[in-house]
There are 2 protein chains.
Amino acid sequence: MCEVLRDNLDDHIQDIAESIKTCCFIAIDTEFSGLKSSLETKPSLFDDGEERYRKLRGSSSQFLIVQFGLSMYHKLPDKNKYEAHTYNFYLYPSSFGPRDVRFLCQASSFEFLCKHNFDFNKFVYNGISYMNEEEECEMRRHISTGKLFQGLDREFDERELQEYCSAVAVWLSKAKDGETFDLNVDKRNDVIEYIVHMELRQRFDTVWTRRQGDKITVEKVPACEKQKLELTDDFSQVKLENRIMDSLLGFTRIFRLLIQHKKPLVGHNMLTDLLLMYDKFHQPLPDSYKEFKNELHRIFPTIIDTKHISSNLRKLYEGTGLMESTNLMDLYTALNSYKGRFKVLYSPDICHGEAFWRYERDHHPHEAGYDSFIAGNVFIRMCHLLCNEGIKSTSASPMEFYQYMRTIEPYKNKINVIRASLNHICLDGEDPISKRPELLYVQPRNPGSNLSSSQLAMMMSQFGSVDIKMQGTRHALVAVGNYRCMWDILKAYKKDPDIAVVKYNYWRHSQTARRLLWSGVLLGGGITLLALVTSNTKHR
Amino acid sequence: MCEVLRDNLDDHIQDIAESIKTCCFIAIDTEFSGLKSSLETKPSLFDDGEERYRKLRGSSSQFLIVQFGLSMYHKLPDKNKYEAHTYNFYLYPSSFGPRDVRFLCQASSFEFLCKHNFDFNKFVYNGISYMNEEEECEMRRHISTGKLFQGLDREFDERELQEYCSAVAVWLSKAKDGETFDLNVDKRNDVIEYIVHMELRQRFDTVWTRRQGDKITVEKVPACEKQKLELTDDFSQVKLENRIMDSLLGFTRIFRLLIQHKKPLVGHNMLTDLLLMYDKFHQPLPDSYKEFKNELHRIFPTIIDTKHISSNLRKLYEGTGLMESTNLMDLYTALNSYKGRFKVLYSPDICHGEAFWRYERDHHPHEAGYDSFIAGNVFIRMCHLLCNEGIKSTSASPMEFYQYMRTIEPYKNKINVIRASLNHICLDGEDPISKRPELLYVQPRNPGSNLSSSQLAMMMSQFGSVDIKMQGTRHALVAVGNYRCMWDILKAYKKDPDIAVVKYNYWRHSQTARRLLWSGVLLGGGITLLALVTSNTKHR
């Protein structure tokens with residue numbers, strides 16, 4: 001693993017670009033500042049794709065990605081071996097000009113990150129900046145006005161700047177053309193650097209500024225010379241602008257490489273990751289679920305969710321111990337055990353590329369880079385199993401990556417959804433029809449009693465995952481996670497003295513349906529009556 | 001300065017309590033996760049106390065206090081000398097049960113904290129918990145149910161817990177009464193500790209648990225013995241509950257000591273600090289501004305804002321160089337310079353108490369503890385100046401603290417407000433009437449033209465602080481910070497070809513007033529007409 005921070009992004013970006021360009025696929029993972037902005041956005045078994053998108057969208061736009069993991073997998077030529085280049089990025093939305101992000105954090109999510117040794121100082125002090133397209137536009141507009149402080153009251157920066165300007169003014173009053181003066185301007189803060197260049201050049205007609213090592217060197221130049229430098233110098237305004245935009249775009253530049261090369265993206269249970277990526281690096285999440293799916297599919301035509309694959313293979317591999325759990329670490333452990341590796345022969349070797357060795361010795365679950373590497377590994381292992389499904393283990397042979405991709409074609413662009421009415425959504429088409437059991441319908445046996453949602457939840461949840469939706473005070477719908485849970489509940493409450501639980505029947509139980517039905521009967525009656533009248537008329 | 005964290009609060013709380021009880025006054029300061037939740041909450045020269053409260057309330061309820069500084073000032077008996085006991089607390093809202101705080105952060109505020117070496121890891125990993133009364137009630141309710149995990153999906157904790165339970169089950173199957181078994185449960189996390197005790201006792205009828213050093217010791221006991229232990233043992237459920245509540249209340253316990261002893265609270269520009277303290281440690285901020293003021297005054301009858309005092313003394317000390325700026329660090333530097341100390345003789349010595357020396361050598365501006373110490377120092381220096389105002393410097397004499405308090409009586413409970421229609425609010429009475437210059441009224445000279453708010457702001461702000469309020473598209477109100485700014489604007493735009501700027505006249509310029517006036521005229525006319533008709537009738 002290679003750790004990438006604000007102050008070393010430029011050192012690595014060439015290598016990252018090359019690796020993205022030449023790899024077979026890219027595994028990703030994100031860590032974020034929170035998951036649920038409020039209780040209303042809690043996932044529920046009643047949610048369809050649209051509703052879940054609505055909930056996640058509300059949260060994703062408020063929380064941050066604090067860490068991003070990228071693991072580029074390369075197949076070594078003529079070897080049955082993959083090499084992973086894994087990068088772990090800390091991200092932070094640097095403020096500048098109009099951009100001053102307000103982000104939400106969830107106390108328990110930060111505590112979760114603590115358990116996994118997340119470094120909050122690296123996050124704030126040295127996190128890489130990013131912007132989506134909308135923010136980029138606004139920033140370019142701001143920079144083009146040249147009024148860098150306008151409308152802001154960040155006195156601390158202004159005081160520092162004032163000191164630089166005073167020092168230059170004093171020096172300039174006695175300096176001759178060609179003489180230089182050095183300012184100690186911290187190299188690590190690109191925003192301050194840019195402002196110092198711009199401010200000095202705007203205030204003083206006869207200075208030129210350059211970054212040299214740890215200092216900004218101010219040179220006295222004739223005004224005509226200054227114009228020439230603007231066209232040719234390495235520190236011309238245009239070049240400085242490009243540099244500051246590059247710095248503010250930060251991780252977005254890498255995200256755009258992912259879009260450009262369109263390599264398959266692999267993640268585990270990655271719906272939230274996808275929404276967050278879209279919102280932070282691409283565009284604000286659209287209102288329309290359909291628009292989101294279309295645009296995401298346009299920029300990333302191949303997305304693979306290993307949680308979706310493993311959930312589907314669970315039945316097939318029952319009893320092998322390989323897919324008892326679809327938790328990422330459990331899958332990794334099982335599939336890389338002796339049994340997992342040799343269930344089918346020729347499962348490839350997977351290693352870390354040179355200079356990416358940190359994860360070789362230590363496990364770092366829930367570090368984004370580590371989890372992305374693990375997701376990639378699990379993906380290869382499952383592909384190899386699937387490719388050789390139905391073949392005698394001893395007849396298996398080494399496989400090429402394109403064969404893997406052909407085999408997992410049916411799982412492509414299907415993203416796992418937890419606790420919902422459907423277990424995945426489709427990015428390249430209509431969402432599937434729900435395979436969950438029917439809803440249950442609850443009412444009290446005593447006509448004078450009411451139901452309590454929290455009490456029902458407590459009673460029913462001993463049988464498995466349930467969610468309750470009240471219909472007024474005397475009726476409730478119960479969504480259950482699986483058929484066993486449904487049957488257990490129906491059995492347990494069959495002779496319950498207090499409440500009656502039956503399978504929900506739309507025409508019998510829905511108030512809308514009953515109203516519709518009755519208005520239908522009435523309308524029917526009306527038509528009959530009208531027909532009678534008409535026929536009477538006719539017969540007259 | 002003494003740094004107080006989650007894991008050493010218990011070591012210091014006795015000393016802190018004693019210091020609060022015996023000191024003359026307490027200076028405070030807070031650092032927070034952000035200031036303005038959105039552009040709408042930006043302070044404006046149009047704001048009165050009520051409106052400013054509304055804006056700050058919206059932000060304060062979303063942001064956190066991340067660091068709290070307390071500096072207890074003690075006058076040494078028979079000496080003209082004060083000793084400060086300064087504590088710097090890191091705070092973090094630990095999540096447990098129903099409590100999982102979502103808090104907002106402002107990117108630029110975190111960057112500001114970075115500039116002052118704030119340690120974000122101490123904040124999250126080791127920040128002290130706190131709760132307001134409402135949160136405390138909810139927590140006590142939750143703990144009393146005994147269902148500690150209910151409704152939550154924090155699987156990571158549950159897994160850990162499951163492991164402890166399994167280990168105990170295995171051991172218990174072979175253990176004899178009186179035998180013990182040790183569990184390595186991290187001592188630093190009180191929440192996990194509490195849950196482990198409760199869960200083991202609930203699951204196993206014949207175990208008792210105690211914290212011993214780094215371990216939790218599980219002892220096999222007969223069930224009857226267990227009942228006795230519940231009444232007498234140091235680890236009875238009641239005592240464990242008190243311990244976890246103490247841990248979760250954390251800093252709130254210290255806040256309650258402040259309320260209990262009602263020592264004068266001193267801060268610098270402290271309106272935001274007061275709102276945040278109220279919201280986090282006392283009660284959710286009420287809707288009503290009046291209710292907030294009354295309740296704050298009830299719990300803290302004496303609050304002193306050194307920014308308010310210095311703003312008032314500025315004129316009096318003009319030219320002395322002592323109060324050129326009302327910025328806290330500038331005041332501190334000026335008032336502790338040779339000139340500041342000896343402008344009036346016998347200004348007291350101010351030192352750090354034993355074990356609070358860290359701030360002696362180093363400056364740590366914008367560390368809450370340091371700023372609270374500085375505010376206390378500035379308070380004493382200003383008191384001494386004021387006490388001897390009008391007396392020949394050489395006639396000055398050492399003063400007692402009660403003399404200081406008598407002198408600053410007129411400044412008590414008046415809190416500075418920046419950029420508003422009034423410069424302070426009163427906690428113990430009605431807010432003062434605005435002393436700001438009248439508003440200005442702007443309209444385009446060309447009847448076909450419109451005004452642009454941002455353009456106006458740009459044009460006017462070169463003369464000083466201004467805020468713009470549009471009245472439709474052709475009229476604007478301008479609030480200015482001071483009289484010089486108003487006169488400069490009126491002069492500059494006297495002969496402007498594009499816009500006309502005049503002092504605002506309610507009866508001439510307000511649309512409401514004009515409507516009122518016209519309806520008055522019409523109503524008057526109507527009455528006249530009616531009178532005529534009536535009189536006509538009469539005369540008929």
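How each quantity is defined
Residues numbered from 1 in each chain as written. Chains lettered and ligands numbered in written order. Predicted model: local features only at pLDDT ≥ 70, side-chain atom pairs only at ≥ 80, totals over all residues. Heavy atoms only, no water. Core = buried A, V, L, I, M, F, W, Y, C linked by side-chain atoms within 4.5 Å. Buried < 20%, exposed > 50% of the residue type's maximum accessible area, 1.4 Å probe, protein only. Contact = heavy atoms within 4.5 Å. Helix = DSSP H or I, 4+ residues; strand = E, 2+ residues; numbered from the N terminus. Domains from an automatic or database assignment. Buried area = accessible area lost by both parts, 1.4 Å probe. Salt bridge = Lys/Arg side-chain N within 4 Å of Asp/Glu carboxyl O. Polar contact = N/O pair within 3.5 Å; in protein donor to acceptor, adjacent residues only side chain to side chain. Nonpolar A, V, L, I, M, F, W, Y, C, P; charged D, E, K, R; others polar. Pairing = 2+ DSSP bridges. Least-squares fit on C-alpha atoms with pLDDT ≥ 70 in both. Axes fitted to C-alpha atoms, helices over the stretch in contact; angles between N-to-C directions. Left-handed = near helix turned anticlockwise from the far one by under 90°. pLDDT = per-residue confidence, 0-100. Phe/Tyr/Trp six-rings, centres within 6.5 Å; stacked < 30°, edge-to-face > 60°. Lys NZ or Arg CZ within 6 Å of the ring centre and 35° of its normal.

Attention now moves to the nonpolar core. Counting residues in each nonpolar core, the largest one holds 132 residues, and the members touching the most others are F89 of chain A together with F89 of chain B. Setting aside anything within four residues of it in sequence, one finds F89 of chain B in contact with V4, L9, I16, V66, Q67, F68, L70, I128, F251 and I254 of chain B.

So, on to the environment of F110 of chain A. Summarising the element assignment, F110 of chain A is placed in helix α3 (residues 107-115). Judged by relative accessible area, which is 2%, F110 of chain A ranks as buried. Through-space distance from the C-alpha of F110 of chain A to that of A167 of chain A is 44 Å; in sequence the pair is 57 residues apart. If sequence neighbours within four positions are ignored, F110 of chain A has contacts with S33, C105 and F120 of chain A together with Y92, F103 and V124 of chain B.

Residues and elements named next belong to chain B. Mapped onto the secondary structure, H384 falls in helix α17 (residues 368-387). Given a relative accessible area of 1%, H384 falls into the buried group. Leaving out residues up to four positions away in the same chain, H384 has contacts with V344, L345, Y346, S347, P348, S397, M399 and Y404.

Time to look at the domain arrangement of chain A. Residues and elements named next belong to chain A. What the domain assignment lists for chain A is domain 1 (2-131 + 251-426), domain 2 (146-244), domain 3 (440-509) and domain 4 (515-540). With centres defined by C-alpha atoms, the gap from domain 1 to domain 3 works out at 38 Å. Contacts between the two partners involve five residues from domain 1 and, on the opposite side, ten residues from domain 3. Of the roughly 550 Å² buried at the junction of domain 1 and domain 3 (both faces included), carbon and sulfur atoms supply 65%. Area buried by domain 1 at its contact with domain 3 is led by L45, F46 and R419, which between them contribute 94% of it. The salt bridge partner of D467 is R419, with a shortest N-O separation of 2.9 Å. Here domain 1 and domain 3 share three residue pairs in polar contact (both at pLDDT 80 or more) between them. Grouping the amino acids of the side of domain 1 that touches domain 3 by side-chain chemistry returns three nonpolar, one polar and one charged.

Facing 43 residues of chain B, the contacting portion of chain A comprises 43 residues. A combined buried area of about 3,400 Å² lies between chain B and chain A, and 49% of that area is made up of carbon and sulfur atoms. Taken together, chain B and chain A are joined by two salt bridges. Note that K115 of chain B and E160 of chain A form a salt bridge whose closest N and O atoms lie 3.2 Å from each other. Counting across the chain B and chain A interface gives 24 residue pairs in polar contact (both at pLDDT 80 or more). Where the side of chain B that touches chain A is concerned, the elements lending two or more residues are β5 (102-106), α3 (107-115), α4 (120-126) and α6 (155-172) of chain B. For the side of chain B that touches chain A, the element with the most residues is α3 of chain B, which contributes eight residues. Among the residues making up the side of chain B that touches chain A, the classes are represented as 18 nonpolar, eleven polar and 14 charged. Relative to β5 of chain B, strand β5 (residues 102-106) of chain A is paired through five bridges, and the arrangement is antiparallel. If you follow C105 of chain A over to β5 of chain B, its bridge partner there is F103 of chain B.

The next subject is the relation of the copies chain B and chain A. When chain B is brought onto chain A, the operation consists of a screw motion whose angular component is 180° and whose axial shift is 0.1 Å, with 0.1 Å RMSD remaining. Overall, the copies show the geometry of a two-fold rotation axis. Scanning chain B for the C-alpha nearest the rotation axis identifies L104 of chain B, at a separation of 2.3 Å. Most of the interface of chain B is mirrored in chain A, where 100% of its interface residues again form contacts.

Another aspect to go through is unusual backbone geometry. Note: most residues except glycine have negative phi, and most peptide bonds are trans. Residues and elements named next belong to chain B. A positive phi angle, close to 55°, is found at N269, a residue other than glycine. Along the polypeptide, N269 turns up in the loop between β9 (265-267) and α11 (271-282). N269 sits in the partly exposed class, given a relative accessible area of 27%. Of note, the phi angle at Y346 is positive, near 65°, even though the residue is not glycine. As for its placement among the helices and strands, Y346 is situated in the loop between α15 (338-342) and β11 (349-352).

Below, the discussion takes up the packing of helix α10 (residues 251-261) of chain A against helix α11 (residues 271-282) of chain A. Helix-helix packing is characterised by the crossing angle of the two axes and by the distance between the axes. Residues and elements named next belong to chain A. Where α10 meets α11, the axes come as close as 10 Å, and the angle between the chain directions of the two elements is 115°. The crossing of α10 and α11 is left-handed. Contacts between α10 and α11 involve F251, T252, F255 and I259 from the former and M277, F281 and H282 from the latter. Looking at side-chain class alone, the contact of α10 with α11 contains five nonpolar, two polar and no charged residues.

Before going further, it helps to examine the sheet that holds strand β8 (residues 215-220) of chain B. Residue and element names in this part refer to chain B. Taking strand neighbours across the sheet as the criterion, the three strands line up as β6-β8-β7 in an open arrangement whose pairing is antiparallel. The sheet is open, and its two edges are formed by β6 (180-183) and β7 (207-212), each paired on a single side. Pairwise comparison of adjacent strand axes, ignoring direction, gives a mean angle of 25° for this sheet. Examined bridge by bridge, β7 and β8 share six bridges and lie antiparallel to one another. Bridge pairing links V207 to K220 in β8.

Another aspect to go through is the sheet that holds strand β15 (residues 466-471) of chain B. All names here are of chain B. Across the sheet, which stays open at both edges, the four strands sit in the order β15-β16-β14-β17 with antiparallel pairing between neighbours. Because the sheet does not close on itself, it has two edges, and the strands there are β15 and β17 (499-503). Each strand axis lies, on average, 25° off the axis of its neighbour in the sheet, ignoring direction. Bridging between strand β14 (residues 440-444) and strand β16 (residues 475-480) involves three bridges; their strand directions are antiparallel. Bridged to V442 within β16 is A476. Packing of helix α19 (residues 453-460) onto the sheet brings it into contact with β14, β15, β16 and β17, and relative to β15 it is tilted by some 150°. Sitting on the sheet, helix α20 (residues 483-492) is in contact with β14, β15, β16 and β17, with an inclination near 140° to β17.

This part is about the pattern of salt bridges. Applying the stated criterion across every chain yields a total of 56 salt bridges over all chains. Where D47 of chain A meets K55 of chain A, a salt bridge forms, and the shortest distance between an N and an O atom there is 3.0 Å. Here the two residues D47 of chain A and K55 of chain A agree in accessibility, since each one is buried. Between E193 of chain B and R211 of chain B there is a salt bridge; the shortest N-O distance is 2.5 Å. One end of the pair, E193 of chain B, is in helix α7 (residues 190-203); the other, R211 of chain B, is in strand β7, with 18 residues separating them in the sequence. A residue is classified by how much of its surface remains accessible, and E193 of chain B, at 11% relative accessible area, is buried. In this structure, a network of salt bridges that share partners links the residues D10, D246 and R253 of chain A.

The next thing to look at is the pairing of β15 of chain B. Bridging between β15 of chain B and β16 of chain B involves six bridges; their strand directions are antiparallel. Counterpart to I468 of chain B in the pairing with β16 of chain B is V478 of chain B.

Residues and elements named next belong to chain A. Scored by pLDDT, chain A comes out at a mean of 90, with 94% of its residues at no less than 70. In the predicted structure, residues 528-540 sits below a pLDDT of 50 and forms zero contacts with residues beyond four places in sequence or in another chain. Interface predicted TM-score (ipTM) for the complex: 0.89; the corresponding pTM is 0.90.

Moving on, we get to the packing of aromatic side chains. Residue and element names in this part refer to chain A. A complete count under the given rule lists 67 aromatic pairs over all chains for this structure. On the basis of an interplanar angle of 45° and a centroid distance of 5.2 Å, the ring pair of Y90 and F118 is categorised as tilted. Here the residue Y90 occupies a position in strand β4 (residues 81-90), and F118 occupies one in the loop between α3 and α4 (120-126), the gap between them amounting to 28 residues. For the pair Y90 and F118, a shared accessibility class is recorded, and that class is buried. An angle of 20° between the planes, with centres 5.4 Å apart, marks the rings of W171 and F181 as stacked. Of this pair, W171 sits in helix α6 (residues 155-172) while F181 sits in strand β6 (residues 180-183), and the two are ten residues apart along the sequence. Among the residues examined, F181 registers a relative accessible area of 24% and is labelled partly exposed. If you follow R99 out to its NZ or CZ, it ends over the ring of Y130, 5.6 Å from the centre.

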